Amino acid sequence: MKTKILAVMIALSMVTGLFAQTKNIVVTLGNNSTAYDDLNEAIKAAPNGATIYVPGGTHSVSDYDNDSKKVIDLTISKQLHFRGNGIFPNSLANGKISVITGKSIYLQRASNGSTFEGIEFQNYIHLDHKAIDTSGSFVLTFNRCYIYNSIDSNVNGISNLIKNITMNFNECVLADIWGTSSVETVNINNSILDGRSTIRQIKDIDQVTITNCIILTSLAGSMSNISINNSIITGYINTDMTSCSLKNCLLPADKTIPANYPAQNIIYQNPINYFVNVILTNGIYCPYAKGYDYHLKAGCLGIGAGTDGKDLGIYGGNSPWKEQGIPAAPNVYQSNVDTHNDATGKINASYKVKAQNY
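Residues numbered from 1 in each chain as written. Predicted model: local features only at pLDDT ≥ 70, side-chain atom pairs only at ≥ 80, totals over all residues. Heavy atoms only, no water.

(A) Just the overall build of the protein chain, in detail. Secondary structure summary: the protein chain contains two helices and 31 strands in total. Expressed as a percentage of its 358 residues, the buried residues of the protein chain come to 51%. When the accessible surface of the protein chain is totalled, it reaches about 15,700 Å², and 49% of it is carbon and sulfur. (Helix = DSSP H or I, 4+ residues; strand = E, 2+ residues; numbered from the N terminus. Buried < 20%, exposed > 50% of the residue type's maximum accessible area, 1.4 Å probe, protein only. Areas by Shrake-Rupley, 256 points an atom, 1.4 Å probe, with all protein chains shown as cover.)

(B) Region of interest: the pattern of salt bridges. Using the criterion set out here, one finds five salt bridges in the structure. Salt-bridge contacts for Lys44 lead to Asp63; the nearest nitrogen and oxygen are separated by 3.2 Å. Of this pair, Lys44 sits in helix H2 (residues 39–45) while Asp63 is found in strand E5 (residues 63–65), placing the two residues 19 residues apart along the sequence. Among the residues examined, Lys44 registers a relative accessible area of 53% and is labelled exposed. The partner of Arg83 in a salt bridge is Glu117, and the shortest N-O contact between them spans 3.5 Å. Taken together, the residues span a long stretch of sequence, with Arg83 in strand E8 (residues 80–83) and Glu117 in strand E11 (residues 115–117) at a distance of 34 residues. Relative accessible area serves as the criterion here: at 18%, Arg83 is assigned to the buried category. Overall, Glu117 belongs to the buried group, its relative accessible area being 4%. One network of salt bridges, with partners in common, ties together Arg144, Glu171 and Lys322. (Salt bridge = Lys/Arg side-chain N within 4 Å of Asp/Glu carboxyl O.)

(C) Representation of the sheet that holds strand E1 (residues 25–29) within the structure. Spatially, E2-E1-E3-E8-E11-E14-E16-E18-E21-E23-E25 is the arrangement adopted by the 11 strands of the open sheet, whose pairing is mixed. Both edges of this open sheet fall to strand E2 (32–36) and strand E25 (245–247), since each of them pairs with a single strand only. In this sheet, neighbouring strand axes are inclined to one another by 10 degrees on average, regardless of whether the strands run parallel or antiparallel. Two elements, strand E21 (residues 206–211) and strand E23 (residues 224–229), share five bridges in a ladder whose sense is parallel. The residue of E23 that forms the bridge with Asp206 is Ser224. (Pairing = 2+ DSSP bridges. Axes fitted to C-alpha atoms, helices over the stretch in contact; angles between N-to-C directions.)

(D) Examining the environment of Gly304 more closely. Along the polypeptide, Gly304 turns up in the loop between strand E29 (293–296) and strand E30 (331–337). For the pair formed by Gly304 and Gly316, sequence separation is 12 residues and the distance between their alpha carbons is 8.7 Å. Look past the residues within four positions of Gly304 in its chain and what remains in contact with it is Gly309, Lys310 and Asp311. (Contact = heavy atoms within 4.5 Å.)

(E) Layout of the packing of aromatic side chains. Per the counting criterion, the structure on display carries 12 aromatic pairs. Ring centres of Tyr274 and Phe275 lie 5.6 Å apart, and the angle between their planes is 90 degrees; this geometry places the pair in the edge-to-face category. Phe275 shares its class with Tyr274; the two are buried. Within the aromatic cluster, the residues linked to one another by ring pairs are Tyr146, Tyr148, Tyr274, Phe275, Tyr288, Tyr292 and Tyr294. (Phe/Tyr/Trp six-rings, centres within 6.5 Å; stacked < 30°, edge-to-face > 60°.)

(F) Main features of the pairing of E2. Where E1 lies against E2, five bridges are found, and the strand directions are antiparallel. Counted as the bridge partner of Val26 is Ala35 from E2. The antiparallel hairpin formed by E1 and E2 contains two residues in its connecting segment, where Gly30 sits at a positive phi of about 65 degrees.

(G) Broad picture of the environment of Phe82. Note on placement: Phe82 falls in strand E8. With 35 residues separating them along the chain, Phe82 and Glu117 place their C-alpha atoms 6.2 Å apart. The residues touching Phe82, leaving out its near neighbours within four places in the chain, are Ile43, Ile52, Val54, Ile76, Thr115, Phe116, Glu117 and Ile119.

(H) Region of interest: the side chain of Asn143. By secondary structure assignment, the location of Asn143 is in strand E14 (residues 138–143). The class for Asn143 is buried, based on a relative accessible area of 12%. Here Asn170 takes part through its side chain, which lies 2.8 Å from a polar atom of the side chain of Asn143. (Polar contact = N/O pair within 3.5 Å; in protein donor to acceptor, adjacent residues only side chain to side chain.)

(I) Structural detail: unusual backbone geometry. We note that Glu171 has phi near 55 degrees; this positive angle belongs to a residue other than glycine. Turning to its location among the elements, Glu171 is positioned in the loop between strand E16 (165–170) and strand E17 (173–178). Relative accessible area serves as the criterion here: at 3%, Glu171 is assigned to the buried category. For Asn190, which is not glycine, the phi dihedral falls at a positive 50 degrees. The residue Asn190 is located in the loop between strand E18 (185–189) and strand E19 (192–193) in this model.

(J) Fine view of the confidence of the model for the protein chain. When pLDDT is averaged along the protein chain, the result is 80; 71% of the residues meet or exceed 70. Taken together, the stretch residues 1–5 has pLDDT below 50 and engages in two contacts with residues farther than four places along the chain or on a different chain. Here residues 11–21 is a poorly scored stretch, pLDDT under 50, and it has 14 contacts once near neighbours within four places are set aside; other chains count. (pLDDT = per-residue confidence, 0-100.)

(K) Highlighting the pairing of E18. The sheet contact formed by E16 and E18 spans five bridges and is parallel. Counted as the bridge partner of Met167 is Val186 from E18. Bridging between E18 and E21 involves four bridges; their strand directions are parallel. Note on E21: the bridge partner recorded for Ile188 is Ile210.

Next comes the structure, spelled out in structure tokens:
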């Protein structure tokens, strides 16, 4: 019942947006809900543990420093749960994905437990604290998000400010993840690592687990205790990686692959024969594109080659990639609002709501 009421509230906020273009960002905690017309305002007002429903459209975030009279980056120091409209416009009623842009977002340890779902981040995300901070949990989870730029913990060239960090990415598209030895655990499942250039890589992180992913680039930088399973890689692998494990992965032929990886666990094939419809640059790198088809091409050696009997890559494993990428929270996928009053003076509106489970 709560889910249905929430879905109706979101739908009604969309109706309001059609006519007034205001107060369509909903903040909820328990039985209390408040609507705002600006994401910055909603974030500042949201109590610890609240959920912020971010509608389709572009939302610019920033803060303002009264002393310097300048617009500055946004710092979040409380646990918040962001729920977007999704990152694939074709699956949405209004065709608008939820985009957050503007100034950088700084997440501090007090934001431990925060989650993000169905949002495209076009700004930068930093993990930050103002003093040495090595105790307590710091867990962040991203589900079905597109991280267009980078997430890093190397702020202004200062590393090792934050320890005990865990980041979880499920069914996401990722560019850079920079650790500078201060991110200790990263779990990436059923996700795509963007290959816009050779520098779009995971760097300097300890304890990384990559499962059922597509890596459209190379792995470089100093990494230890990295485990890659049931995944597909189009580029080379840095020989500096130590204590690393590759098992049951589809790796490219004629690329630099460290000799310490057992040959019996690696399947070699030309990357141009991997996917149904993906254009690789120089046969190696590939920018992520929403119009590409990342299913495996007929004849690809990764078909049915997973340890679970499913395909290697994002469509295998326990939580296969959802084609429409709709968030698990209720989402309006079809709407119909009359433009004129009926005989009784009412405006008829109908909405269809759905969600994709994990």
